[in-house]
Amino acid sequence: MGYRETYQQWQDDPEAFWLDAAQAIDWIEPPRQALFDRGDDLYEWFADARLNGCYNAVDRHVENGRGAQLAIIHDSPITGSQQKITYAELQTRVAALAGALQARGVAKGDRVVIYMPMVPEALEAMLACARIGAVHSVVFGGFAANELAVRIDDCTPKAILAASCGLEPGRVVPYKPLLDAAIEQATHKPETCIILQREQQPCELTAGRDVDWQEAKTDVTPAECVPVEGNHPAYILYTSGTTGAPKGVIRHTAGHLVALHWTMKNIYDVDPGDVFWAASDVGWVVGHSYICYGPLVHGNTTVVFEGKPVGAPDAGTFWRVIEEHNVRSFFTAPTAIRAVKREDPTGEYRRKYDLSCLRALYLAGERADPDTIEWAQELLGKPVYDHWWQTETGYTIVGNPAGLEPLPVKIGSPTVAMPGYDVQILDETGQPQKPGELGAIAIKLPLPPGTLPDLWNATDRFRKSYLTTFPGYYETGDAGMMDEDGYLYIMARTDDVINVAGHRLSTGAMEEVLAGHPDVAECAVVGVSDALKGQAPVGFICLSKGVDRPHQEIIDECVARMRAQIGPVAAFKQALVVDRLPKTRSGKILRATMVKIADSESFKPPATIDDPAILDEIKAALQKIGFARG
Ligand code: COA
Ligand code: AMP
């Protein structure tokens, strides 16, 4: 069956479609019903079934003869080391860690925060939680202590699994001081921290709370897989919204395993046993779905890469890993390809490697600009597939179903809606737009299995964020259009979320940090175009009356505050002091207009603007730091 027939089959009977897909999963009690309508637009999938996530990702492969196959290849160009772990070894390691958690009182339903770099132990930590029904929440290592503290207070973990340090090219990032500061700052205190000591920078353990990773695993009874309900949360993953408080996206166990398994063949076109590589980080949704659960539940070998596309050691790293580990499908963010292109525009490094094992490159996480796609197509001589999804959905909404039927690539479009998703372009009144017309991108409810059923402890916010603007639909927060063939084009966000190097960040959260500076009376943060990172944040600061200090000093303090409070991942390096911010007469800051000025795009000031003269002041200020030159 090709794409159209499969999509039609899903449309004709969505429940039968997903019950059929569910047969790829091993159940303790198989689902008798697929969809559960909980009323008021809340839905769950496979709620009456019972299974275990870790069993499906690890144990069953050992039982089915894949014990000697590699489950994880860890490749760390930063440390110059590699580690290969078979499914049988992974089972032993995960069962021991899960036993260590149980020995410290962690049980089904308890939350466990994971704050770790790209080491195999990060996956083991996730799987150990899944093994005993604990709910993990992985926090990206590039976030500062404050962000970690916010997440600790929201999900109230019983235990934290962390490493002593992370490694960035040329820099060791000590995690332990960040962990200690976060626990100090948080109201909720975890009972135990299990710390992986890395030889690059071991840390002191806090007596009475911390325990060494290896010691914790010694002399414990390996844990068995604990059965959980299909709607038991596998994890909570925080993502940026419009305010400083991140949203805790919940992922239910059964739905995500069923859906991820479906995608491995139908989208990524890998068979069990093939090597699959997503060059992302376990702290992001790509890491959850396609470094850990997706490839493992499907019986693939997953590559855990601790490095960067360039400078670790050079722009040939990606191609070396692909050749050396026989990678069949490779997934990364466009920004990573742009980084390679900048260093190696003529593909000198690529020519050093035999990439015959590679079938295709997949891009997601941000808009894939046509230049990057065309360059990658030519460089690799392989298909380059853009696909569009979000933390909330956990896997592709719109993509190219290459394993089912490769569809023609239209550059600039992530291709077509996957089964499960009825994607619509709506105007502001909720009416469907015609092909080619711009509008908000919405998905008709119910969303398919594996997508978010709710936000952690925040059902009202869930409704307000996603369900109220267009009744009966999920609001994606993206705007775009669809052509006559059903190809989608993503144009922009409709909210204040920006995308920096494939990382989703909230300008609202950044504004809260700036507003906390004692000299700042008012501020705005916008995402301006950046040739490498897609977008970069720029802050506009109005000083309080009477502040008479050098502007650069205040700007430097703001940059340092952002790094200390949100983290280096915010990549907040540029700010301007201005007298006034452009606003509408009702006081709304004209952020979109400021972005257009910075990007030298043509624009029409909104009719409701309070004082158009301010726009000239903003332009002059931006020109001083190299923007608004057109
Ligand atoms: N722990 C600690 N610090 C981290 C970190 C981590 N896990 N990840 C990133 N940082 C730091 C970086 O060291 C950098 O610090 P600096 O300001 O001192 O240089 C800062 O956060 C910004 O990091 P990053 O956005 O990675 O920028 P970069 O300049 O180091 O690298 C790219 C640029 C394009 C090479 C890099 O962003 C990249 O590979 N992006 C791909 C993104 C991706 O995989 N996204 C996931 C969605 S698929
Ligand atoms: P995240 O939740 O971090 O995965 O970010 C999701 C957001 O990133 C989406 O809502 C889009 O704004 C953007 N995004 C992700 N993939 C794409 C893509 N292929 N094309 C355009 N934007 C994308």
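Source: prediction; values computed, not measured.

### Focus on the site of ligand 2
Logical step 1: Taken together, 14 residues lie around ligand 2, and H387, T391, D478, R493 and R504 are the ones closest in.
Logical step 2: Backbone polar atom of G365 to a nitrogen atom of ligand 2: 3.1 Å apart, as the coordinates give it.
Logical step 3: Bound to the protein, ligand 2 loses 92% of the 490 Å² it would expose on its own.
Logical step 4: Within the shell around ligand 2, the residues separate by chemical class into 3 nonpolar, 5 polar and 6 charged.

### Some words on the pattern of salt bridges
Logical step 1: Counted according to the given criterion, the structure contains 37 salt bridges.
Logical step 2: Note that E168 is salt-bridged to K308, the shortest N-O span being 3.0 Å. Taken together, the residues span a long stretch of sequence, with E168 in strand β9 (residues 165-168) and K308 in the loop between β17 (301-305) and α11 (317-325) at a distance of 140 residues.
Logical step 3: With relative accessibility at 28%, the residue E168 sits in the partly exposed group.

### Regarding the UniProt feature "domain: AMP-dependent synthetase/ligase" (unreviewed entry) in the protein
Logical step 1: Under the UniProt annotation, "domain: AMP-dependent synthetase/ligase" (unreviewed entry) lies at residues 74-444.
Logical step 2: Counted over residues 74-444, helix gives 30% and strand 24%. Its end C-alpha atoms are 40 Å apart.

### Focus: the packing of aromatic side chains
Logical step 1: Applying the stated criterion across every chain yields a total of 29 aromatic pairs.
Logical step 2: When the ring of F305 is compared with that of F318, the centres are 6.1 Å apart and the planes differ by 65 degrees; the resulting orientation is edge-to-face. Highlighted residues: F305 in strand β17 and F318 in helix α11, separated in sequence by 13 residues.
Logical step 3: With 5.7 Å between their ring centres and 55 degrees between their planes, F462 and Y466 make a pair best called tilted. Of this pair, F462 and Y466 both sit in helix α14 (residues 459-467), 4 residues apart, which is roughly one turn of the helix.
Logical step 4: Grouped by ring-pair contacts, the aromatic residues Y268, F276, Y290, F331, Y362, Y385 and W389 constitute a single cluster.
Logical step 5: Geometry around F143 places R151 over its ring, the cationic atom sitting 4.6 Å from the centre.
Logical step 6: One Lys or Arg, K410, reaches over the ring of Y487 and ends 4.3 Å from the middle of that ring.

### Quick notes on helix α17 (residues 591-598)
Logical step 1: Restricting attention to buried positions, one finds in α17 the residues R591, T593, M594, I597 and A598. Considered in projection along α17, the buried side chains sweep an arc of 160 degrees and stay on one side of the axis.
Logical step 2: The elements touched by buried residues of α17 are α15 (507-515), β29 (520-530), β30 (534-543) and α18 (613-624).
Logical step 3: Directly beyond the C-terminal end of α17, a positive phi value near 55 degrees is found at S600.

### Some thoughts on the packing of helix α3 (residues 53-66) against helix α5 (residues 120-132)
Logical step 1: At their nearest, the axes of α3 and α5 sit 7 Å apart, and the two run at 120 degrees to each other. Of the possible angle classes, the one that applies to α3 and α5 is oblique. Two packed elements cross with a definite hand, and for α3 against α5 that hand is left-handed. Contacts between α3 and α5 involve G53, C54, A57, V58 and D59 from the first element and L127, A130 and R131 from the second.
Logical step 2: For the contact of α3 with α5, the per-class residue count stands at 5 nonpolar, 1 polar and 2 charged.

### Some remarks on the nonpolar core
Logical step 1: With 117 residues, the main nonpolar core has L127, Y268, Y290, F331 and V423 as its most contacted residues.
Logical step 2: The element contributing the most residues to this core is α5, with 9 residues.
Logical step 3: Apart from the residues lying within four places of it in its own chain, the contact partners of V423 are I397, V398, A417, I441, A442, I443, M482 and L488.
Logical step 4: Counting residues in hydrophobic clusters, the runner-up holds 49 residues, among them A149, W456, I498 and C558.

### Things to note about the site of ligand 1
Logical step 1: What surrounds ligand 1 is a group of 24 residues, the closest being E168, R171, K308, R563 and K573.
Logical step 2: Between ligand 1 and R563, the relevant distance is 2.9 Å, taken from an oxygen atom to a side-chain nitrogen or oxygen of the residue.
Logical step 3: Of the residues assigned to the shell around ligand 1, the class counts are 12 nonpolar, 6 polar and 6 charged.

### Focus on the sheet that holds strand β23 (residues 423-426)
Logical step 1: The strand order across the open sheet formed by 4 strands is β23-β24-β25-β26, and the pairing between neighbours is antiparallel. Each edge of the open sheet carries a strand with a single partner, namely β23 and β26 (488-493). Neighbour to neighbour, the strand axes of the sheet diverge by 50 degrees on average, direction disregarded.
Logical step 2: Relative to β26, strand β25 (residues 473-482) runs antiparallel, the two sharing 5 bridges. Note on β26: the bridge partner recorded for M481 is Y489.

Reading guide: rules and limits
Residues numbered from 1 in each chain as written. Chains lettered and ligands numbered in written order. Predicted model: local features only at pLDDT ≥ 70, side-chain atom pairs only at ≥ 80, totals over all residues. Heavy atoms only, no water. Near = heavy atom within 4 Å. Polar contact = N/O pair within 3.5 Å; in protein donor to acceptor, adjacent residues only side chain to side chain. Areas by Shrake-Rupley, 256 points an atom, 1.4 Å probe, with all protein chains shown as cover. Nonpolar A, V, L, I, M, F, W, Y, C, P; charged D, E, K, R; others polar. Salt bridge = Lys/Arg side-chain N within 4 Å of Asp/Glu carboxyl O. Helix = DSSP H or I, 4+ residues; strand = E, 2+ residues; numbered from the N terminus. Buried < 20%, exposed > 50% of the residue type's maximum accessible area, 1.4 Å probe, protein only. UniProt positions renumbered as here; feature names shortened; annotations may be inferred. Phe/Tyr/Trp six-rings, centres within 6.5 Å; stacked < 30°, edge-to-face > 60°. Lys NZ or Arg CZ within 6 Å of the ring centre and 35° of its normal. Arc of directions from axis to C-beta. Contact = heavy atoms within 4.5 Å. Axes fitted to C-alpha atoms, helices over the stretch in contact; angles between N-to-C directions. Parallel < 35°, antiparallel > 145°, perpendicular 65-115°, else oblique. Left-handed = near helix turned anticlockwise from the far one by under 90°. Core = buried A, V, L, I, M, F, W, Y, C linked by side-chain atoms within 4.5 Å. Pairing = 2+ DSSP bridges.

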